[in-house]
Amino acid sequence: MGNFLTWVIWLLAAAACLGTGLRVVTAANPFSSALSLIGNLASLAVLYLLASGEFVAAAQVLVYAGAVMVMFLFVIAYLGGRADAPWAGGTRLLQVSSVIAAVSLLAVTLVAVGLETGDQLSNEADVTRAFGSPAAVGELFLTDHLLAFEITSIVLLVAAIGGVVLGMRSQSEQDADRPVAAP
């Protein structure tokens, strides 16, 4: 019964992940898209929990669905209507390359699932119980991967500054928004 329940939860989380992912890219309203992304990140966290990745699931919810999405919503609110359709009227090449990328990802996924069901993939790795624990991840971040960790923090800082710069309005835009005083 436990295995059946695990599969049901996995199927529900996977369906929610796909549904909210589609909603992210098809929503006309940027706020709706951002809120769908929060749902997508939460369903991914459930999938990580099913894969025994408790730390990654917690980080997914706290960092991405929490802090990063608050920043996204702030930038969307700050930019207003100017952020509604950045890719509107995109080139035909962009559309064709998107379809090719989606078909390629689907093909790779189907091949991997087919090989796994036929037991043709390599044997499982020997993973210790401490693998993925907060202590092990923290030790790796602060020793072997310290440079990458700090570069990531700089990239996030640059993204926040870029959001503020994009949201700044020129004097002519501000003048255009002011109501004209009646004589």
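Rules used in this analysis
- Residues numbered from 1 in each chain as written.
- Predicted model: local features only at pLDDT ≥ 70, side-chain atom pairs only at ≥ 80, totals over all residues.
- Heavy atoms only, no water.
- Helix = DSSP H or I, 4+ residues; strand = E, 2+ residues; numbered from the N terminus.
- Contact = heavy atoms within 4.5 Å.
- Areas by Shrake-Rupley, 256 points an atom, 1.4 Å probe, with all protein chains shown as cover.
- Core = buried A, V, L, I, M, F, W, Y, C linked by side-chain atoms within 4.5 Å.
- Buried < 20%, exposed > 50% of the residue type's maximum accessible area, 1.4 Å probe, protein only.
- pLDDT = per-residue confidence, 0-100.
- Patch = residues over 30% accessible without salt bridge, like charges linked within 9 Å, V, L, I, M, F, W, Y side chains within 5 Å.
- Salt bridge = Lys/Arg side-chain N within 4 Å of Asp/Glu carboxyl O.
- Expected span 1.5 Å × (residues − 1).
- Phe/Tyr/Trp six-rings, centres within 6.5 Å; stacked < 30°, edge-to-face > 60°.

Chemist: Whenever I open this one, the overall build of the protein chain confuses me. Can you help?
Modeler: When helices and strands are counted, the protein chain shows 7 helices and 0 strands. Sequence-ordered secondary structure for the protein chain, helices as α and strands as β, is α-α-α-α-α-α-α. Sequence separation of at least 24 residues holds for 59% of the intrachain contacts in the protein chain that already meet a minimum separation of 6. Summed over its atoms, the accessible surface of the protein chain is roughly 13,900 Å², and 72% of this surface lies on carbon and sulfur atoms.

Chemist: I would appreciate a short explanation of the nonpolar core in the present structure.
Modeler: Generally speaking, nonpolar side chains in soluble globular proteins are found buried as a group. Counting residues in each nonpolar core, the largest one holds 5 residues, listed as Ala 34, Leu 41, Ala 65, Met 69 and Ile 76. Elements that contribute at least two residues to this core include exactly helix H2 (30-50) and helix H3 (54-79). A total of 3 residues in this core trace back to one element, the largest contributor, which is H3. Here Ile 76 is in contact with Pro 30, Phe 31 and Ala 34, once residues within four sequence places are set aside.

Chemist: When you look at the confidence of the model for the protein chain in this model, what are you seeing that I'm missing?
Modeler: Detailed conclusions should not be drawn from predicted coordinates in areas where pLDDT is low. Per-residue pLDDT for the protein chain averages 77, and the proportion of residues at 70 or more is 74%. Per-element mean pLDDT across the protein chain ranges from 63 in helix H7 (residues 171-177) up to 88 in helix H1 (residues 2-26).

Chemist: Teacher, can you tell me more about a nonpolar patch on the surface here?
Modeler: Nonpolar side chains collect at one region of the surface, where Leu 5, Trp 7, Ile 9, Trp 10, Leu 11, Val 46 and Leu 50 lie side by side and expose about 630 Å² of accessible area between them. Broken down by secondary-structure element, the contributors of at least two residues to the nonpolar patch are H1 and H2. Ranked by residue count, the leading element in the nonpolar patch is H1, at 5 residues. Mapped onto the elements of the fold, Leu 11 is located in helix H1. Here Leu 11 falls in the partly exposed class, since its relative accessible area comes to 49%.

Chemist: I tried to follow H2 on my own but got confused; where do I start?
Modeler: An α-helix turns once every 3.6 residues. As a result, residues three or four positions apart point the same way. For H2, built from 21 residues, the straight-helix expectation of 30 Å at 1.5 Å per residue is met to within 8% by its first-to-last C-alpha distance of 30 Å. For H2, the complete set of buried residues consists of Pro 30, Ser 32, Ser 33, Ala 34, Ser 36, Asn 40, Leu 41, Ser 43, Ala 45 and Leu 47.

Chemist: Help me understand the packing of aromatic side chains in this model?
Modeler: Each aromatic ring pair is described using two quantities: the centre-to-centre distance and the angle formed by the ring planes. Summed over all chains, the structure comprises 1 aromatic pair. Ring centres of Trp 7 and Trp 10 lie 5.8 Å apart, and the angle between their planes is 70 degrees; on these two criteria the pair is classed as edge-to-face. Highlighted residues: Trp 7 and Trp 10, both in helix H1, separated by 3 residues, approximately one helical turn. Using a relative accessible area of 37% as the deciding quantity, one classes Trp 10 as partly exposed.

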